[in-house]
Amino acid sequence: MISERRLAILNLIIEHYLSTGEPMGSKTLCQLLPYSVSSATVRNEMAYLSELGLLEQRHTSGGRVPSKASYRYYIESMMEKKDISDYDAQKIKEELSVNAGDPERLLSDAARLISSYTNCVGFSCALKDELDCIQGVDLIPAGNSKAMLVMLTVGSKIKSSLINMPCAIDDDLRFLFYEVMNRLFIGTPLTEVNLSLVQSAILIAKSRVFDLLPALTSLCSLCSEASQSKLSLEGETNLLSHDELGSDVYRLLSFLTDKSQMLNLIKQFSKGNVKTALFIGDENPLYEMKNTSTILSNFTYGNNQKAALGMIGSTRIDYKHIIPVVRYILNTVDTLLSKGGTI
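Residues numbered from 1 in each chain as written. Predicted model: local features only at pLDDT ≥ 70, side-chain atom pairs only at ≥ 80, totals over all residues. Heavy atoms only, no water.

Asks: How do you make sense of the packing of helix H1 (residues 4–20) against helix H3 (residues 39–51) when you look at a structure like this?
Replies: Between two packed helices, both the angle of their axes relative to each other and the distance between the axes serve to describe the pair. At a closest axis distance of 10 Å, the pairing of H1 and H3 adopts a crossing angle of 80°. The pairing of H1 with H3 is recorded here as roughly perpendicular in orientation. Residue-level contacts link Arg5, Arg6, Ile9, Leu10 and Ile13 of H1 to Thr41, Val42, Glu45, Met46, Tyr48 and Leu49 of H3. (Axes fitted to C-alpha atoms, helices over the stretch in contact; angles between N-to-C directions. Helix = DSSP H or I, 4+ residues; strand = E, 2+ residues; numbered from the N terminus. Parallel < 35°, antiparallel > 145°, perpendicular 65-115°, else oblique. Contact = heavy atoms within 4.5 Å.)

This is the structure we're talking about:
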């Protein structure tokens, strides 16, 4: 059990360090505490907190700084619980409502908002779904022998591509295109859409298959893209302002650029029963993230589609501000996904 005085000292040191990045000494603490206490007593209390692993002393004559372990204690037992302002809540809702009907764009917008509000990295990921299939495809004339190919999957993924067509898109060609779609592609799993399936269109389109070929090959590319897990990052350069990371920031940026390990972490996390988790320092399962605080949240929506959303920053972040705003964004996205884009 930590006494009230020790809690007050620990709280002051943590909040001072989170705000300034500087250690705090006993003389400064004596001035900030709401009651009279000697420097010797404060030093003894700081030594006790250091023995508990909650404080560290980087230099023999220097003040104390919080350990990574102390942040967990601070968040769960000491941090003042705050809600975001009505203005920020309304602004977040409005910005997330723009693409609320498109899960991938909604997640991307949310990652951008997380990055903007926290000055950290925001990330989003739509996880691969082996059972997702084509629900509908449209070919829209766009003038000058161009067309827009738009595909919607059962998992609510929307993909589009602007393509060059070898001929005018008249009613006969569009009718033929939709016949090919209905007979070969609609209801087909994304992972089974390939060039072999395109070749089967010859039996339906016959000599006009060459007129449809750009649209069919483009559809293969869209299905390939939609069938893969996609990790998107927002605000990576924000980490350059996190002094706590030091030279490790470049190793972390390189790690995030590769994306593969982060994707594996998200996939493993999605298999568990935890909805949202905050990993601080050594709690992070990946070595490259041991100097970070990471928030990771799972979402399940539609026909059992899965996605993830979260934040990565240094361990020295403004938890009191960041946790409520990230939590609000996560809850808003969860509501939009579960209700098909309406709040």
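Asks: Explain the packing of H1 against helix H4 (residues 68–78) here, please?
Replies: Between H1 and H4, the shortest axis-to-axis distance is 11 Å and the interhelical angle comes to 115°. Considering their axes alone, H1 and H4 lie roughly perpendicular with respect to each other. Judged by the twist between their axes, the crossing of H1 over H4 is left-handed. Packed against H1, whose contacting residues are Leu7, Leu10, Asn11, Ile14, Glu15, Tyr17 and Leu18, the element H4 presents Ser70, Tyr71, Tyr73, Tyr74 and Met78 at the interface. Grouping the constituent residues of the contact of H1 with H4 by class yields 9 nonpolar, 2 polar and 1 charged. (Left-handed = near helix turned anticlockwise from the far one by under 90°. Nonpolar A, V, L, I, M, F, W, Y, C, P; charged D, E, K, R; others polar.)

Asks: Explain the environment of Leu33 to me, please; I cannot follow it from the model alone.
Replies: The residue Leu33 is located in the loop between helix H2 (26–32) and H3 in this model. The sequence separation of Leu33 and Arg72 amounts to 39 residues, and the corresponding C-alpha distance is 23 Å. For Leu33, the residues in contact, after removing those within four places along its chain, are Ala8, Ile9, Leu12 and Val42.

Asks: What am I meant to see in the sheet that holds strand E9 (residues 292–301) here?
Replies: Paired through their backbone hydrogen bonds, the strands of a sheet run either parallel or antiparallel. Pairing within the open sheet is antiparallel, and its 5 strands lie in the order E7-E3-E10-E9-E8. Where the open sheet ends on each side, the last strands, each with one partner, are strand E7 (230–234) and strand E8 (276–280). The mean angle between the axes of side-by-side strands here comes to 15°, regardless of whether they run parallel or antiparallel. Direction of pairing for strand E3 (residues 121–126) relative to strand E10 (residues 305–314): antiparallel, over a ladder of 6 bridges. Looking across to E10, one finds that Phe123 is bridged to Gly310. Seen against the sheet, helix H13 (residues 319–338) touches E8, E9 and E10 and runs at an angle of roughly 15° to E9. (Pairing = 2+ DSSP bridges.)

Asks: Is there a simple way to think about H3 in this case?
Replies: Structural remark: α-helix, 3.6 residues per turn; residues separated by three or four positions point the same way. With 13 residues, H3 should cover 18 Å at 1.5 Å per step; its first-to-last C-alpha distance of 18 Å lies within 8% of that length. All of the buried residues in H3 are Val42, Glu45, Met46 and Leu49. Angularly, the buried residues of H3 cover 100° about the axis, an arc narrow enough to put them on a single face. Those residues of H3 that are exposed and aimed more than 90 degrees away from the buried face are Asn44 and Glu51. Along its buried surface, H3 packs onto H1, H2 and strand E1 (55–56). At the exit of H3 stands Gly53, carrying a positive phi of roughly 85°. (Expected span 1.5 Å × (residues − 1). Buried < 20%, exposed > 50% of the residue type's maximum accessible area, 1.4 Å probe, protein only. Arc of directions from axis to C-beta.)

Asks: Would you take a moment to explain the side chain of Thr118 for this structure?
Replies: Relative to the helices and strands, Thr118 resides in helix H6 (residues 103–118). A polar atom in the side chain of Thr118 sits 2.6 Å from the backbone oxygen of Ile114. Within the structure, Thr118 has its side chain in polar contact with the backbone nitrogen of Cys120 (distance 3.2 Å). (Polar contact = N/O pair within 3.5 Å; in protein donor to acceptor, adjacent residues only side chain to side chain.)

Asks: I'm lost on the packing of aromatic side chains in this one. Help?
Replies: In this description, an aromatic ring pair is defined by two values, namely the gap between the centres and the angle between the planes. Using the criterion set out here, one finds 3 aromatic pairs in the structure. Relative to Tyr319, the ring of Tyr71 has its centre 5.5 Å away and its plane inclined at 40°; by these criteria the two rings are tilted. One end of the pair, Tyr71, is in helix H4; the other, Tyr319, is in helix H13, and 248 residues separate them in sequence. A residue is classified by how much of its surface remains accessible, and Tyr71, at 1% relative accessible area, is buried. Their ring planes at 70° and their centres at 5.5 Å tell us that Phe177 and Tyr178 sit as a pair that is edge-to-face. For Phe177, a relative accessible area of 1% corresponds to the buried category. One cation-aromatic arrangement involves Arg6 over Tyr48; the distance from NZ or CZ to the ring centre is 3.7 Å. In this arrangement the basic side chain of Arg316 is found over the ring face of Tyr17, its NZ or CZ atom lying 5.8 Å from the centre. (Phe/Tyr/Trp six-rings, centres within 6.5 Å; stacked < 30°, edge-to-face > 60°. Lys NZ or Arg CZ within 6 Å of the ring centre and 35° of its normal.)

Asks: Got a minute to help me understand the sheet that holds strand E6 (residues 158–164) in this structure?
Replies: Taken together, the 3 strands give an open sheet; going across it, the order is E4-E5-E6, and neighbouring strands pair in antiparallel fashion. Looking along the sheet, the strands with just one partner apiece sit at the ends: strand E4 (134–143) and E6. With strand direction ignored, the average angle separating the axes of adjacent strands in the sheet is 20°. The sheet contact formed by strand E5 (residues 146–153) and E6 spans 7 bridges and is antiparallel. For Leu152, the partnering residue across the bridge sits in E6 and is Ile158.

Shape is all these values report; function is a separate question.
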